Structure formats: C-alpha cells, structure tokens
Amino acid sequence: LPVIAAAYGGVADIVADGISGILVSPGQQMSVAAGEALVLLAHDRSLADRLSRGGRLRAETLLNWDAWADHVVDRIRWAVDTRHA
C-alpha cells in the first residue's frame with residue numbers, strides 16, 4: 001500500500017515522496033494533509049498502484065539487510081582509504 005507520512009526525522013529517508021508514498025510537510029496540519037492525500041489516492045487508482053509498486057521495489061532493493069551491509073562495507077572502505085590517503 002502507498003504510505004502517507006510526515007516528512008520528519010528519518011521518515012524521508014525511507015519514504016520517497018511521489019515514488020513510494022506521499023510525504024506531508026511538517027508545517028502542514030497533518031490530519032488535513034493526510035486526508036487530502038487519502039482523497040487523492042482514492043480518486044487516482046493509477047497513482048495508488050504506482051506508489052504501491054514503488055514502495056515494494058524500494059523495500060526489495062534498498063531497505064533490506066543486504067543493502068544495509070553493502071552500505072556499511074562501503075563506509076568502512078571509505079574510512080580506511082581516507083585514513084591512509
């Protein structure tokens with residue numbers, strides 16, 4: 001399902017606005033903005049389907065332990081290379 005969330009903290013790192021969900025600006029009244037997003041998704045099934053597929057693809061490729069481990073290894077390599085440069 002597509003996600004509707006506040007763009008606050010680390011949420012924007014997980015939910016890609018317009019790709020895997022709809023992010024609502026923290027400055028907006030959350031209940032009103034979330035309601036507007038729900039109405040949009042209810043009336044635009046193709047958008048809801050696209051966001052659902054985007055969320056699934058994002059989870060499968062970025063939000064998993066293999067991707068996390070690859071990122072950690074890259075950061076360690078960078079730190080080692082920087083230290084000895």
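For the structure given in this document, a descriptive report is provided here. Worth saying up front: this structure is predicted, and the values here are computed from it rather than measured. (Residues numbered from 1 in each chain as written. Predicted model: local features only at pLDDT ≥ 70, side-chain atom pairs only at ≥ 80, totals over all residues. Heavy atoms only, no water.)

## A few points about the overall build of the chain
As a reminder, the rule being used: In this text, helices come from DSSP runs of H or I with a minimum length of four residues, and strands from runs of E with a minimum of two, each type numbered from the N-terminal end. With C-alpha atoms as the basis for the radius of gyration, the globule rule is written as 2.2 Å multiplied by the number of residues raised to the power 0.38. For every residue, the accessible area obtained with a 1.4 Å probe (protein chains only) is divided by the maximum for its type, and the residue is called buried under 20%, exposed over 50%, and partly exposed between those limits. Throughout, a residue-residue contact means that at least one pair of heavy atoms, one from each residue, lies within 4.5 Å. Each accessible area is a Shrake-Rupley result for a 1.4 Å probe, and residues are judged covered by the shown protein chains and nothing else.
Along its length, the chain carries four helices and two strands. Here the C-alpha atoms of the chain give a radius of gyration of 17 Å, more than 25% beyond the 12 Å that 2.2 N^0.38 yields for 85 residues. Seen along its three principal axes, the alpha-carbon backbone of the chain occupies a region of about 55 × 30 × 15 Å. Residues classed as buried in the chain amount to 21% of the 85 residues present. Across the chain, contacts joining residues at least 24 apart in sequence account for 44% of those joining residues at least 6 apart. With the model as given, the accessible surface of the chain reaches about 6300 Å², and the carbon-plus-sulfur share is 60%.

## Observations concerning the nonpolar core
Here is the rule: Nonpolar cores were defined as sets of buried Ala, Val, Leu, Ile, Met, Phe, Trp, Tyr and Cys residues, with membership established by side-chain atoms within 4.5 Å.
Ranked by size, the top nonpolar core spans six residues in total: I22, A37, L41, L47, A48 and L51. Considering each element in turn, this core owes the most residues, three residues, to helix α3 (residues 45-61). In this view, A37 contacts I4 and I22; residues no more than four positions away in its chain are not counted.

## Observations regarding the packing of aromatic side chains
Rule in force here: Put simply, two rings from Phe, Tyr or Trp (the six-membered ring, in Trp's case) pair if the centres are within 6.5 Å, and we call them stacked under 30 degrees between planes, edge-to-face over 60, tilted for the rest. In this analysis the charged atom, NZ for Lys or CZ for Arg, is taken to sit over a ring once it is within 6 Å of the ring centre and within 35 degrees of the ring normal.
In this structure the tally under the stated criterion is one aromatic pair. Geometrically, the ring pair formed by W65 and W68 is edge-to-face, given 5.6 Å between the ring centres and 85 degrees between the ring planes. Remark: W68 and W65 occur in helix α4 (residues 65-83); sequence separation between them is three residues, near one turn of the helix. Lying over the aromatic face of W78, R75 brings its terminal NZ or CZ to 4.7 Å of the ring centre.

## Considering the pattern of salt bridges
Stated precisely, the cut-off is as follows: Counted as salt bridges are all cases of a side-chain nitrogen of Lys or Arg within 4 Å of a carboxyl oxygen of Asp or Glu.
Under the definition given, this model contains two salt bridges. The partner of E60 in a salt bridge is R56, and the shortest N-O contact between them spans 2.9 Å. Of this pair, E60 and R56 both sit in helix α3, four residues apart, roughly one helical turn.

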